[in-house]
Every structure is written in C-alpha cells, then in structure tokens.
Amino acid sequence: QVQLVESGGGLVQPGGSLRLSCVASGFTLDKYAIGWFRQAPGKEREGLLCISSSTSTYYADSVKGRFTISRDNAKNTVYLQMNRLRPEDTAVYYCAARLTMRCSWFSYEYHYWGQGTQVTVSS
C-alpha cells in the first residue's frame, strides 16, 4: 500500500513560520522525486518546490528565499519549511511523489498524493 500523509498545517500570523511533514509508506521515498503543491480557493494547483532522488532542489519564484524542501531518509519523510509567511500563502498544501528520479512542475506527472494540510496565514 502506497501512502503519503502530510501534517503540520495550521494558523500562523503573517511573518511567521511552519514546517510541514510528508511521511511516506509502502515505498522508499528517497528513490523518487517529491514535490510540494498548494491550492487556494478559486485558484489552480500550484507547484512550489521539488526534490529529486539525487537531492537536487527546485523552487518556484513565489517561494524562493522563503520556503525550503528537505529529506530525512531515516524517517522516510520530506519536509517543507516555510518562513516569512504571507496571507497569500493561505492554501491547502499537498506533497506528491513522481515515480521517476527527476522533478517536474506539472501535477499530472505525479503518481501519488497526500490528503493535504491546511495552512492559514492571518492576523
């Protein structure tokens, strides 16, 4: 059984930080590309970051310098560290696994998805 589970979302004030976790089961996560996406009300799903199986990382312009993606191989977990959060970052955040070694910005190229975790940035 392949499963991805996100956690760590919640309510945070503008300028604050959150760390989201994506725990994989049923496969070895670090052999594949893992992406983080978000979807806000009325907007398309947006690719934010990706880490390849070789640990190369890629960042969308909207989050570069604020968000960081990383792996913990021992825990079979990928993290999204979010700093200097803004109200426009409010969205449901998803992790996804692409069963190849390289990253993609396109959600349809990812095979497995977590259930999402809500991030709300508000004062």
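Residues numbered from 1 in each chain as written. Predicted model: local features only at pLDDT ≥ 70, side-chain atom pairs only at ≥ 80, totals over all residues. Heavy atoms only, no water.

Undergrad: What is the right way to look at the pattern of salt bridges in this model?
TA: Where charged atoms from two side chains of opposite charge come close, those side chains can pair. Scanning the entire structure with this criterion turns up four salt bridges. Of the charged contacts in the structure, one is a salt bridge between Arg38 and Asp89, with a shortest N-O distance of 2.8 Å. Here the residue Arg38 occupies a position in strand E4 (residues 33–39), and Asp89 occupies one in the loop between strand E8 (77–82) and strand E9 (91–98), the gap between them amounting to 51 residues. Using a relative accessible area of 0% as the deciding quantity, one classes Asp89 as buried. Here Glu109 makes a salt bridge to Arg98, at a shortest N to O gap of 3.1 Å. Placement of Glu109 in the loop between E9 and strand E10 (112–113) and of Arg98 in strand E9 is noted, with a sequence separation of 11 residues between them. (Salt bridge = Lys/Arg side-chain N within 4 Å of Asp/Glu carboxyl O. Helix = DSSP H or I, 4+ residues; strand = E, 2+ residues; numbered from the N terminus. Buried < 20%, exposed > 50% of the residue type's maximum accessible area, 1.4 Å probe, protein only.)

Undergrad: I tried to follow the state of the cysteines on my own but got confused; where do I start?
TA: Counted under the stated rule, the structure contains two disulfides. Across the disulfide, Cys22 is cross-linked to Cys95 (sulfur-sulfur distance 2.0 Å). Between Cys22 and Cys95, the S-S dihedral sits near 70 degrees, and the bridge is therefore right-handed. A residue pair is termed long-range when its members are at least 10 positions apart, and Cys22 in strand E3 (residues 18–25) and Cys95 in strand E9 qualify at 73 residues. For the pair Cys22 and Cys95, a shared accessibility class is recorded, and that class is buried. For the protein, numbering the cysteines in disulfides from first to last along the sequence yields the connectivity 1-3, 2-4. (Disulfide = S-S within 2.5 Å.)

Undergrad: Explain the sheet that holds E8 to me, please; I cannot follow it from the model alone.
TA: Each strand in a sheet pairs with another by means of backbone hydrogen bonds, the pair being arranged parallel or else antiparallel. What the four strands build is an open sheet, ordered E1-E3-E8-E7; its pairing is antiparallel. Two strands lie at the open edges of the sheet, namely strand E1 (3–7) and strand E7 (67–72), each paired on one side alone. Taken over all neighbouring pairs, the strand axes of this sheet differ in orientation by 15 degrees on average, direction set aside. Sheet topology places E1 next to E3; five bridges connect them, and they run antiparallel. Considered in E3, the bridge of Leu4 is made with Ala24. (Pairing = 2+ DSSP bridges. Axes fitted to C-alpha atoms, helices over the stretch in contact; angles between N-to-C directions.)

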